[in-house]
Each structure stands twice: as structure tokens, then as C-alpha cells.
Amino acid sequence: MSDRWLYAWGLGSVAFGGASLIIPLYVVALGGTATTLGVLAGVAALVGVPGALVFGRIADQTGRRRVLVLAALASAAAALAVVPFTERIAVVILANGIVWFAFAAATPVVTLLAVVGAPEHAWSERIGELNKYQGVGWAVGLLLGAIWTAVAIRTIGTSALEGFLLVLAVMAAASLLAGLRLLPPDPDPDTAEGSVSARRLGRALRRADRFSVRTATFPFTPARMDVRRLRPRRIANRFTPELAIYFLAVTSFFTGFSAFFAPLPAYLTDIGIGSDGVFVLYLVSSVAAAVFFERAGRLSAKHDTVTLQAAGLTVRALALPGVAVVGALFGMSTGGFAGLAVVFAVIGLTWAVIAVTAGTLVTRLAPPAIRGEALGVYAALSALAGGIGSVLG
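Throughout this description, residue numbers start from 1 for each chain and increase along the sequence as written. Local features in this predicted model are restricted to residues whose pLDDT is 70 or higher, and side-chain atom pairs enter the listing and the counts only when it is 80 or higher, whereas totals over whole chains, interfaces and linings include all residues. Neither water nor hydrogens contribute to the side-chain values; these are computed over all heavy atoms in the structure.

Looking at an unreviewed UniProt entry, the protein carries the name Major Facilitator Superfamily protein, with the source organism given as Halorubrum vacuolatum.

Q: Tell me about the packing of aromatic side chains, and please be specific about residues and values.
A: Aromatic pairs are defined between Phe, Tyr and Trp rings, using the six-membered ring for Trp, whenever the two ring centres lie within 6.5 Å; interplanar angles under 30 degrees are classed as stacked, those over 60 as edge-to-face, and all others as tilted. Per the stated rule, a full pass over the model turns up 18 aromatic pairs. Between W9 and F103 the ring centres are 6.3 Å apart and the planes differ by 10°, which places this aromatic pair in the stacked class. Within this pair, whereas W9 is found in helix α1 (residues 5-29), its partner F103 is found in helix α5 (residues 89-115), the two being separated by 94 residues in sequence. Grouped by ring-pair contacts, the aromatic residues W9, F16, W100, F103 and W138 constitute a single cluster. Here a helix means four or more residues in a row that DSSP labels H or I, a strand means two or more in a row labelled E, and each is numbered from the N terminus.

Q: Could you give me a rundown of the nonpolar core, with the residues and numbers involved?
A: W5, W9, F16, L80, L268 and V323 are the most contacted members of the largest nonpolar core, which has 97 residues in total. Domain start and stop points were drawn from an automatic or database domain assignment. In terms of domain composition, this core takes at least three residues from each of domain 1 (4-214) and domain 2 (236-392). Of all hydrophobic cores here, the second largest spans seven residues; its members include A296, A352, V353 and V356. In this description, a nonpolar core means a group of buried Ala, Val, Leu, Ile, Met, Phe, Trp, Tyr and Cys residues linked to one another through side-chain atoms lying within 4.5 Å. Residue burial is assigned from relative accessible area. The probe radius is 1.4 Å, only protein chains are included, and a residue is buried under 20% of its type maximum, exposed over 50%, and partly exposed in between.

Q: Residues and numbers for the packing of helix α13 (residues 275-302) against helix α15 (residues 334-365), please.
A: Working convention: axes come from line fits to C-alpha atoms, limited for helices to the stretch in contact. Angles between N-to-C directions cover 0 to 180 degrees. For the pair α13 and α15, interaxial distance at closest approach is 6 Å and the crossing angle is 40°. On the basis of their axis angle, the class for α13 and α15 is oblique. Seen from above, α13 lies across α15 with right-handed handedness. Among the residues forming the contact of α13 with α15, the class breakdown is 21 nonpolar, seven polar and no charged. The cut-offs work like this: below 35 degrees is roughly parallel, past 145 is roughly antiparallel, 65 to 115 is roughly perpendicular, and the gaps in between are oblique. Left-handed describes a crossing in which the near helix is turned anticlockwise from the far one by less than a right angle; the clockwise case is right-handed. Each residue is assigned to one class: nonpolar for Ala, Val, Leu, Ile, Met, Phe, Trp, Tyr, Cys and Pro, charged for Asp, Glu, Lys and Arg, and polar for all the others, Gly among them.

Q: Residues and numbers for the packing of helix α3 (residues 48-62) against α5, please.
A: Two elements in contact, α3 and α5, have axes separated by 7 Å at closest approach and are oriented at 35°. Considering only the axes of α3 and α5, their crossing is right-handed. Listed contacts from α5 to G48, P50, G51, A52, F55, G56 and A59 of α3 are F101, A104, A105, P108, V109 and L112. Considered class by class, the residues forming the contact of α3 with α5 number 10 nonpolar, three polar and no charged. Contacts are residue-level and defined by heavy atoms, with any inter-residue pair within 4.5 Å sufficient.

Q: How would you summarise the environment of A74 if you had to cite specific residues and measurements?
A: On the secondary structure map, A74 appears in helix α4 (residues 65-82). Accessibility expressed as a relative area gives 32% for A74, which makes it partly exposed. In the structure, A74 is positioned 95 residues away from A169 in sequence and 9.8 Å away in space, judged by C-alpha atoms.

Q: Go over a nonpolar patch on the surface, please, and point to the residues and values.
A: Within this analysis, patches are made of residues with over 30% relative accessible area and no salt bridge. Like charges are joined at 9 Å or less; nonpolar side chains (Val, Leu, Ile, Met, Phe, Trp, Tyr) at 5 Å or less. Here the accessible surface of atoms and residues is derived via Shrake-Rupley with a 1.4 Å probe, and residues count as covered only by protein chains that are part of the display. Each salt bridge in this description consists of a side-chain nitrogen of Lys or Arg and a carboxyl oxygen of Asp or Glu lying within 4 Å of one another. Nonpolar side chains collect at one region of the surface, where L46, L384, I388 and L392 lie side by side and expose about 390 Å² of accessible area between them. Ranked by residue count, the leading element in the nonpolar patch is helix α16 (residues 371-392), at three residues. Among the secondary structure elements, L392 is positioned in helix α16. What makes L392 exposed here is its relative accessible area of 64%.

The structure is reproduced here in C-alpha cells:
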């Protein structure tokens, strides 16, 4: 099967990456407060898990993967096209929810597309390739946002935000058109080629899933997982005490992360950083995490995983309020922005450590029979905590 369809998904990821930051900035421009941003992010987080569950199971039961991906891209393009033409914040929140429902819903389906027709030994490589296209696309979306807002705001003023939203809508539409041409046809669900074992796919996901910049800049959508086998009640009945305690810890620190990130664009705007500067800071965090991710994996293999995660959480706990400290001391000066860039880089580095060690700890603490599903619960809890933390923030 040709992999050219990955270009279509990568183009869609450019739209999603840019939207992850431009919509909150647009809400701030409309007069939204930190509370408004909390609701915006909370809705985006809470629609993610049901979106992934519903589309994942439909894809599994019907085999109609192509049409589901196209439906998600069409929904995202339509929602992005609505945003720049409204000044009603409630409408923006609804449209943003549709965008992230579409992204989360498409994620398990494109994972299935990546492995269908390939021998099992190649699944890890194909999932890794999918993550590469998605992660690069997301980073390009952030980079385009920084360039667009830096140039356009100086020439056409605040309408640059609406202009970039339209650009993202066009990119999502272009992704849809490319998908119509490049997405592979759905295989016969009764054939061996179209059948993908949930258990084997779960193993491939654990081996191949790699960090992408998405998780550093928009940590509210469920991780790539085999949602078809997620049975929380059955898993809860087989929790060990250690796993249950760790899931409480996961819920706690993801709630804290989201409480910080949800109102962050409003704070950065309040201290005088323009939209282009906000994009740059988020991109710095993303790149720092991406660069350090493999190194974090090697550190996890050499050192005690629990200690390493505790260190990552401790450094991040200091770095998050460090944003406010640097902002208060230096404001919008050149030194202040450079200081914020350093703090954002540290935040990104700590995410690389936390992401690697969390997956390792869940796998290690879960009984062998439910390891794949335990990772699904971890992803679901992180998204749920993201919604709660966003509102608290």
C-alpha cells in the first residue's frame, strides 16, 4: 500500500497545530478572560476520549476507515472556517470543540490505516512513520503561526488572526481533497488483510508510539492507543494497589499541567507578548521536548524510572511558576523574552522525561493481561484530567 496518504494527514496536522494556539489567542482578542480559556481548553479535552472511542469502534466494526478520516477532516475544515467570521465566544468554543473532536476521532483510525496490509513485524515502523508526519505537521503549523502573526500584524493589524484562521481552514480543506485522492480504499473487512488483531496492535503501539510536538503544546487529546479494547470497569477490577496509586498521581499531575496551560495565552498577552512571540515560546517548548525525547529514553533505561520521573515532575513544578516570576521581573524586555524562552525550553525538556517514564511505569505496574488496556486508561485519565485542570485553571 502506498504511503502517499501520509502527506494528506501531515497537511491536516499543520492545520491542527496552528489551531491549537491561534484559537485561544483569538478568544483573548475577542475579550476572553483566563476563565474563558479554561472553558475553551476544558471542552477540547473532554470531547477527545469519546471522539476516539466512537470513531475507533466504528472503524473496527465496519472497516470504513477512509470515510471516517475524511469526515473528521471535513468537520475540522468547516469548524475552522466558521471561527474568523464570528465574534461570539460561545460559538468559537463550540467550533473549537468540533476541531478537537475531529482530531481525536481521526487519530485511532489513521493508526489502523497505517498498519492495515502490512506484516506485523512492520507495524511499529509504520506507526512511527505516521507519528513523524503528524509531529512535523504540527510543528510547521506553530512555525507558520509565528511567521504569519509576526509579519501580518505589522501590516494588517489584529485582523491577522482571522486571516491565519482562514489559512488553516484552507489547509484542512486541502488535506481533505488530498485525502480523497490519496487515502487507500477500505479493504474487505472479512479478509485477513483488513483484519487487525487488537492485542497485536496494542503491542505495536507500545513499541512504536513516539513523542510528537503535539503532546508538548496541546496535552489534552488522548494518546495514540488501541481504543477498541478499553474496558475501564474490567481493568479497575484487576488494578494492583500500586497501579491505582499511580493513576491517582497521573490524574493529579495532568490536572496541574492543564491548570497552567489553559490560561497561559491570556497571561502572556497581558504582559505584552504579541501573538508571534507566544507562537515562538510554544515552538521552543515543543522543539526542546522533541530533541530530548530519545535522550530521556536512554536515561530511563539506565536509571531508576520512579526517581527520574520524580525529578522531572519536581523541575517542572519549579518551571511553571517560573514563567510568572520571569514575567513579573522583566516583562516584555528583550531579556525577559529570552528568560521566558529558557523557562519554556525547560518545560519542554521535563515533558520528554515525564512522557517516557509514565508509559514505562504504567506498563511495569499493570498485570500482563491488561497492560494494553491500562495504557488506554492512562491516556483517558490524562485527557479527563486535562478537562478538569483547564476549568480549574
